[in-house]
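A closer look at the structure
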Amino acid sequence: MKKAIIIPNYLKEESMQFSKTAVEILEKSGYKVTVLKESEEPIEGADLALVLGGDGTLLRACKKLYKYDIPMLGINFGHLGYLTECNPDTAIQAIEKILDGDYRLENRLMLKGKVERNGEIVYSFVALNEASFYRSTLLKAFVAEVCINDMLTETVVGDGLIVATPTGSTSYNLSVGGPVLTPSSKNIVLTPISPKYFPRSSVVANGEDSIEIKVVVDSIVKTGNPALQIDGDDAFTLNDGDVVKIERNDKDAKIIKVTSQSFYQVLQKKLSKATYDNT
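About the thresholds
- Residues numbered from 1 in each chain as written.
- Predicted model: local features only at pLDDT ≥ 70, side-chain atom pairs only at ≥ 80, totals over all residues.
- Heavy atoms only, no water.
- Core = buried A, V, L, I, M, F, W, Y, C linked by side-chain atoms within 4.5 Å.
- Buried < 20%, exposed > 50% of the residue type's maximum accessible area, 1.4 Å probe, protein only.
- Helix = DSSP H or I, 4+ residues; strand = E, 2+ residues; numbered from the N terminus.
- Contact = heavy atoms within 4.5 Å.
- Pairing = 2+ DSSP bridges.
- 1 Å grid on protein atoms, 1.4 Å probe; cavity = no way out; pocket = protein on both sides within 12 Å on 5 of 7 lines; lining within 4 Å.
- Points joined across faces, edges and corners; volume = space filled by probe spheres on them.
- Nonpolar A, V, L, I, M, F, W, Y, C, P; charged D, E, K, R; others polar.
- Salt bridge = Lys/Arg side-chain N within 4 Å of Asp/Glu carboxyl O.
- Expected span 1.5 Å × (residues − 1).

Ranked by size, the top nonpolar core spans 29 residues in total, and within it F133, L161, V163, I213, L228, V244 and I246 carry the most contacts. It is strand β9 (residues 142–148) that contributes the most residues to this core, four residues altogether. Setting aside chain neighbours within four positions, we find V244 in contact with K114, V115, F125, F133, I211, E212, I213, L228 and L238. Core analysis: the second largest hydrophobic core is formed by 24 residues, A46, A49, L58 and L65 among them.

With that settled, consider the pairing of strand β7 (residues 120–127). Alignment of strand β6 (residues 111–117) against β7, held across seven bridges, turns out to be antiparallel. Looking at the pairing, E116 lines up with I121 of β7. Between β6 and β7, which pair antiparallel one after the other, the connecting turn spans two residues, and N118 there sits at a positive phi close to 55 degrees.

On to helix α2 (residues 55–65), then. In terms of burial, α2 is largely enclosed, as nine of its 11 residues are buried. Within the sequence span of α2, burial applies to D55, G56, T57, L58, L59, A61, C62, K63 and L65.

Another aspect to go through is the layout of surface pockets. Space left empty within the atom packing is revealed by a probe, the size of a water molecule, rolled over the atoms. If you add up the space inside the largest pocket, you get close to 570 Å³. The wall of the largest pocket is formed by 26 residues, among which E85, K257, T259, Q261 and V266 lie closest to the centre. Mapped by element, the contributors of at least two residues to the lining of the largest pocket are α3 (88–99), β5 (104–108), β18 (253–257) and α5 (263–271).

So, about empty space enclosed by the protein. Evaluation of the coordinates by the stated rule reveals one cavity of 30 Å³ or more. What the largest cavity holds in volume is close to 40 Å³. Ranked by the residues each element gives to the lining of the largest cavity, the list is headed by strand β10 (residues 151–158), at four residues. Looking at the lining of the largest cavity residue by residue, the classes come out as five nonpolar, one polar and two charged.

Below, the discussion takes up the pattern of salt bridges. The final tally for this structure, using the stated rule, is 15 salt bridges. K67 is the salt-bridge partner of E41, the closest N and O atoms lying 3.9 Å from each other. Of this pair, E41 sits in the loop between β2 (31–35) and β3 (48–53) while K67 sits in the loop between α2 and β4 (72–76), and the two are 26 residues apart along the sequence. By relative accessible area, E41 is classed as partly exposed at 42%. For K67, a relative accessible area of 37% translates into the label partly exposed. E85 is the salt-bridge partner of K257, the closest N and O atoms lying 2.8 Å from each other. Pair noted here: K257 is in strand β18 and E85 is in the loop between β4 and α3, with a separation of 172 residues, a long-range link. Accessibility expressed as a relative area gives 11% for K257, which makes it buried. E85 sits in the buried class, given a relative accessible area of 10%.

To continue, consider helix α1 (residues 13–28). Taking 1.5 Å as the rise per residue, α1 with 16 residues should run 22 Å; its terminal C-alpha atoms sit 24 Å apart, in good agreement. Taken together, the buried positions of α1 are S15, F18, S19, A22, V23, I25 and L26.

Right under this line is the structure:
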């Protein structure tokens, strides 16, 4: 028997109501269905996951599902829903296409990283969108030395730095002037945030490159600490001398696509909306 997972946004009533409809459709097609809370671990060996929420819900679900190679269909119950594939009014049709085998999978590059402090790993993460460094409580410019493949590339001075995947290139990276990468590309883009020495362009690295970012904080005059934020959610406070090592994750995220629209058509349509909700 095939297994399916449904991960609704428990804060959205429409999402919870639709999960009941989705359970009925899948069970009639012979699936064993489990509705999970975001805090629960997925079922290993599941064939399909429906994520009912906005981009934030899908990003959080992805960090659990990728480990089990579970394909995800995102159904948008937020506003922008750039990462999601369909809206509630087309969701049933999308599910039926999947059941008929009329879909394709996109493998999306993910990042993995760790923070080393005095030679010890104090924080680790995976990201579908980006790892962003920002000033946080730091009352002066953010400073970091950036190395790619063990070679010093540049010293960033400004409000921060974004290290984004192709998926994340249309998120925070784009809002600060970074380039858009197609979802199937295997690159990592590094974009400074409000650099002091304007203009400073982004660097597009190979997906197989290793990136090392050393944080520099004035230890004589204590002015606060910068922070590292993952996919706009989890945040970690950084200290002077912390080294953040980032590279391509061992596994990609598997995103289900059922529409015939091209990436460029979707990009234009989504970015034309004036409002954004990352819940």
